[in-house]
Amino acid sequence: MNSPPDTPSEAERPAVSDAELLAAHINGDPRAFSEIVKRHRDRMWAVALRTLGDPDEAADAVQDAFVSAYRKAGTFRGEAAVTTWLHRIVVNACLDRMRRKSVRPVADDELIEAAERETPLPDQTGEREVSMEVSAALKLLPTDQRAALVLVDMMGYSVEDAAQVLQVPSGTVKSRCARGRAKLAPILSHLRNRSDLSRVSSAKGAELRDG
């Protein structure tokens, strides 16, 4: 009697790519988009939370983004990675929410005043407190600068990849980042020599890149 042929285990099977999952979703596979959500929700949540600075707003933005991606899957042309396409949608969802709130841009002199205000810090400021300070400072930036800094400095995107997400030239991303950093510098100057600050940004970026 011939033994049945060996069937590869799930671990041995080649992983289905994001593009293949999206194509399967377009063709009516009811499980394909759920897998896309499972793969990308954590990174999209991180982008939204860093951009908006509010967990409830971030959750709503991610939900809006996935609904939009679900409905617009047929418009995906493969000119960029599915990850880039999804992150473009979630960034746009965040920016839409920020614009709807009509947040007034903060003038440079107000930023300097905030930086010069004496705010005693506890002797032992942990990573969470530093992260909260960075998030609060980001809220003072105009939306375009905030989005660029979140992608490049917080999430670890290259300038070129961030430009794809934001659909602007690389030079525009560089300019927005430079202006944003210049405005944040006086506000976060007291953190410049703290190891916590580098851990909050670089470690988070590495985690999400490798994730």
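Look above for the structure.
Model, not experiment: these values are computed from the prediction.

Undergrad: How would you sum up the overall build of the chain? Please name residues and give values.
TA: Of the regular secondary structure elements, the chain holds 10 helices and 0 strands. Of the regular secondary structure in the chain, the N- to C-terminal order runs α-α-α-α-α-α-α-α-α-α. Taken across its 211 residues, the chain has 38% of its residues classed as buried. When contacts within the chain are restricted to residue pairs at least 6 apart in sequence, those whose partners lie at least 24 apart make up 68%. Surface accessibility of the chain: about 12700 Å² in total, with carbon and sulfur atoms responsible for 49%.

Undergrad: An account of the pattern of salt bridges is requested, with residue identities and associated values reported.
TA: All chains considered together, the criterion is met by 8 salt bridges. Between R39 and E35 there is a salt bridge, with its nearest N and O atoms 3.2 Å apart. Taken together, the positions of R39 and E35, both in helix α2 (residues 32-52) and 4 residues apart, correspond to about one turn of that helix. Of the charged contacts in the structure, one is a salt bridge between D153 and R181, with a shortest N-O distance of 2.8 Å. Within this pair, whereas D153 is found in helix α7 (residues 143-154), its partner R181 is found in helix α9 (residues 170-187), the two being separated by 28 residues in sequence. Among the residues examined, R181 registers a relative accessible area of 39% and is labelled partly exposed.

About the cut-offs
- Residues numbered from 1 in each chain as written.
- Predicted model: local features only at pLDDT ≥ 70, side-chain atom pairs only at ≥ 80, totals over all residues.
- Heavy atoms only, no water.
- Helix = DSSP H or I, 4+ residues; strand = E, 2+ residues; numbered from the N terminus.
- Buried < 20%, exposed > 50% of the residue type's maximum accessible area, 1.4 Å probe, protein only.
- Contact = heavy atoms within 4.5 Å.
- Areas by Shrake-Rupley, 256 points an atom, 1.4 Å probe, with all protein chains shown as cover.
- Salt bridge = Lys/Arg side-chain N within 4 Å of Asp/Glu carboxyl O.

By themselves, these are just geometric observations and shouldn't be taken as functional.
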